[in-house]
Amino acid sequence: MRPTLAIALAMLAGTLLIFPAAGQAGATRAPAADAVLLALPKASWIADGEGRRAVYVFFDPNCPACALLYRNLRTLIEPQDLQVRWVPVAIVNVTSLGKAAAILEAPAPSAALRENEEHYSGEVYAGGIEERIPSIETERRLRANERLLNRLDIPVVPSMLFLDKKGRAVLI
């Protein structure tokens, strides 16, 4: 892993731990983040954890930084009383749609997400789950998630959204 990515993810995890006021430690506030955060409960997402504090993460199954973030956030879920809500999109490459569909259409989407992220291959930049042809409904849900991501000022994966201690939307 490149040192800058490691530093960025460490800052990201540290920011999450303290739920900062906007503008600190790499967190930004933007009007678009408020609107997207309000829409996310109705989006398609996969829950990880049962905590009372929700953190939404836009991810692509083929995104290397997303796989690293997944592994790092797993250790914070219980101690920080979090529920990480993974919002799949298909934007990295041609296999992303099939992998995202395999996760969403799996009998246990959280297990499929875990399989994809834990078996991520950094050598070929690909998630560890087999692609599947998405149903029309699944493709519609993934495109709706992508439209939400595109409403952010900088639509990239991974992007995290949550409320800070004062109830304000924070985007990382």
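Residues numbered from 1 in each chain as written. Predicted model: local features only at pLDDT ≥ 70, side-chain atom pairs only at ≥ 80, totals over all residues. Heavy atoms only, no water.

Student: In this structure, what is going on with the overall build of the chain? I would like to understand it.
Tutor: A tally of regular secondary structure across the chain gives six helices and five strands. Counting only residues that meet the buried cut, the chain has 48% of its 172 residues in that class. Relative to all contacts within the chain whose residues are 6 or more apart in sequence, the contacts with residues 24 or more apart total 77%. With an accessible surface of roughly 8600 Å², the chain has 56% of that area assigned to carbon and sulfur atoms. (Helix = DSSP H or I, 4+ residues; strand = E, 2+ residues; numbered from the N terminus. Buried < 20%, exposed > 50% of the residue type's maximum accessible area, 1.4 Å probe, protein only. Contact = heavy atoms within 4.5 Å. Areas by Shrake-Rupley, 256 points an atom, 1.4 Å probe, with all protein chains shown as cover.)

Student: Please clarify how the sheet that holds strand β1 (residues 46-48) should be interpreted in this entry.
Tutor: Strand pairing in a sheet is mediated by backbone hydrogen bonds. Such pairs are either parallel or antiparallel. Strand order in the open sheet made by the five strands is β1-β3-β2-β4-β5, with mixed pairing throughout. At either end of the open sheet lies a strand with only one pairing partner, and these are β1 and β5 (169-171). Taken pair by pair, the neighbouring strands of this sheet meet at an average axis angle of 25°, ignoring direction. In this structure, strand β2 (residues 53-59) lies alongside strand β4 (residues 159-163), joined through four bridges in antiparallel fashion. (Pairing = 2+ DSSP bridges. Axes fitted to C-alpha atoms, helices over the stretch in contact; angles between N-to-C directions.)

Student: Whenever I open this one, the pattern of salt bridges confuses me. Can you help?
Tutor: Pairing of side chains with opposite charge becomes possible as their charged atoms draw close. Per the stated rule, a full pass over the model turns up seven salt bridges. Note that arginine 132 and glutamate 105 form a salt bridge whose closest N and O atoms lie 2.8 Å from each other. Linking arginine 132 in the loop between α5 (109-118) and α6 (136-150) with glutamate 105 in helix α4 (residues 96-105), this pair joins segments that are 27 residues apart in sequence. Residue classification places arginine 132 among the partly exposed positions, given a relative accessible area of 41%. Linking glutamate 139 and arginine 143 is a salt bridge whose minimum nitrogen-to-oxygen distance equals 3.7 Å. With glutamate 139 and arginine 143 both in helix α6 and four residues apart, the pair spans about one turn of that helix. (Salt bridge = Lys/Arg side-chain N within 4 Å of Asp/Glu carboxyl O.)

Student: Just to check I follow, could you spell out the environment of valine 94 for this structure?
Tutor: Within the secondary structure layout, valine 94 lies in the loop between β3 (82-88) and α4. Expressed as a C-alpha distance, the spacing of valine 94 and asparagine 62, which sit 32 residues apart in the sequence, is 9.6 Å.

Student: What am I meant to see in the side chain of asparagine 116 here?
Tutor: Note on placement: asparagine 116 falls in helix α5. A distance of 3.1 Å separates a polar atom in the side chain of asparagine 116 from the backbone oxygen of proline 61. If near-sequence neighbours (up to four positions away) are discounted, asparagine 116 is found in contact with Pro61, Lys99, Ile103, Gly127, Gly128 and Ile129. (Polar contact = N/O pair within 3.5 Å; in protein donor to acceptor, adjacent residues only side chain to side chain.)

Student: What should I look at first to understand the pairing of β3 in this one?
Tutor: Two faces belong to every sheet, and in a regular strand the side chains alternate between them. Extensive coverage of β3 is indicated by the burial of seven of its seven residues. By the alternation rule, side chains of β3 split into Leu82, Val84, Trp86 and Pro88 and Gln83, Arg85 and Val87, which are all buried. Here seven bridges tie β2 to β3, and the two strands are oriented parallel to one another. Along β3, the bridge assignment pairs valine 57 with tryptophan 86. Viewed along the sheet, the connection from β2 through helix α3 (residues 64-74) into β3 turns out right-handed. (Right-handed = clockwise from strand over helix to strand, strands pointing away.)

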